[in-house]
Amino acid sequence: MDIAQLNLHQLDQVKSQIEEEISFLTTSMQQLKVVQQKLKESKESLAFMTAENTGKSMLVPLTSSMYVPGTLKDGLKVLVDVGTGYYVEKTVKGAEEFFQRKVDYITKSLEKVQKGFMEKHKIREGIVSVMQTKLGAQQQRPQ
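About the thresholds
- Residues numbered from 1 in each chain as written.
- Predicted model: local features only at pLDDT ≥ 70, side-chain atom pairs only at ≥ 80, totals over all residues.
- Heavy atoms only, no water.
- Helix = DSSP H or I, 4+ residues; strand = E, 2+ residues; numbered from the N terminus.
- Rg over C-alpha atoms; globule rule 2.2 N^0.38 Å.
- Buried < 20%, exposed > 50% of the residue type's maximum accessible area, 1.4 Å probe, protein only.
- Contact = heavy atoms within 4.5 Å.
- Areas by Shrake-Rupley, 256 points an atom, 1.4 Å probe, with all protein chains shown as cover.
- Lys, Arg positive; Asp, Glu negative; His and termini not counted.
- Charge placed at Lys NZ, Arg CZ, Asp CG, Glu CD.

Enquirer: Go over the overall build of the chain with me, naming the residues and quoting the values.
Expert: Each helix and strand in the chain was counted, giving two helices and four strands. Starting at the N terminus, the α and β elements of the chain follow one another as α-β-β-β-β-α. Relative to the 2.2 N^0.38 estimate, which gives 15 Å for 143 residues, the radius of gyration of the chain is 25 Å and therefore markedly larger than a compact globule would have. Considering only C-alpha atoms, the chain reaches an extent of 85 × 30 × 25 Å along its principal axes. Residue burial in the chain is summarised as follows: out of 143 residues, 24% are buried. A sequence separation of at least 24 residues applies to 57% of the contacts in the chain between residues at least 6 apart. For the chain, the computed accessible surface area is about 10,700 Å², with 55% contributed by carbon and sulfur atoms. Here the chain carries 20 positive and 17 negative side-chain charges, and the mean point of each set is 2 Å from the other.

Following this line, the structure appears as structure tokens:
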């Protein structure tokens, strides 16, 4: 579609649609970054899972702000939430690999969304430029 052929009203509609898409992509990027950070933190927390820590007391998070006392039964195995309420027992190394694969996947998804964001942003800039040109031409016309 040649945006230069559209009238100002049509350009404004297309601009609004592009801005909605930009807003959606921005929200998607923020959500992906939150998930990415949580996965990285989960992977980093595995560093404390060692055979030496077996039998030691610890605080177990029930929610983000509520913890209960517990004892580490086995410092070499962990339960990993693999999604939709399913948990899989893995070795610490297996869990680290799982989290790294997830981080890599989220990173690739984030790169795709960022690319789409940049494309939409360029399109919006082009539309604004054409709108400014058309407004300037309208203002210069004799009344």
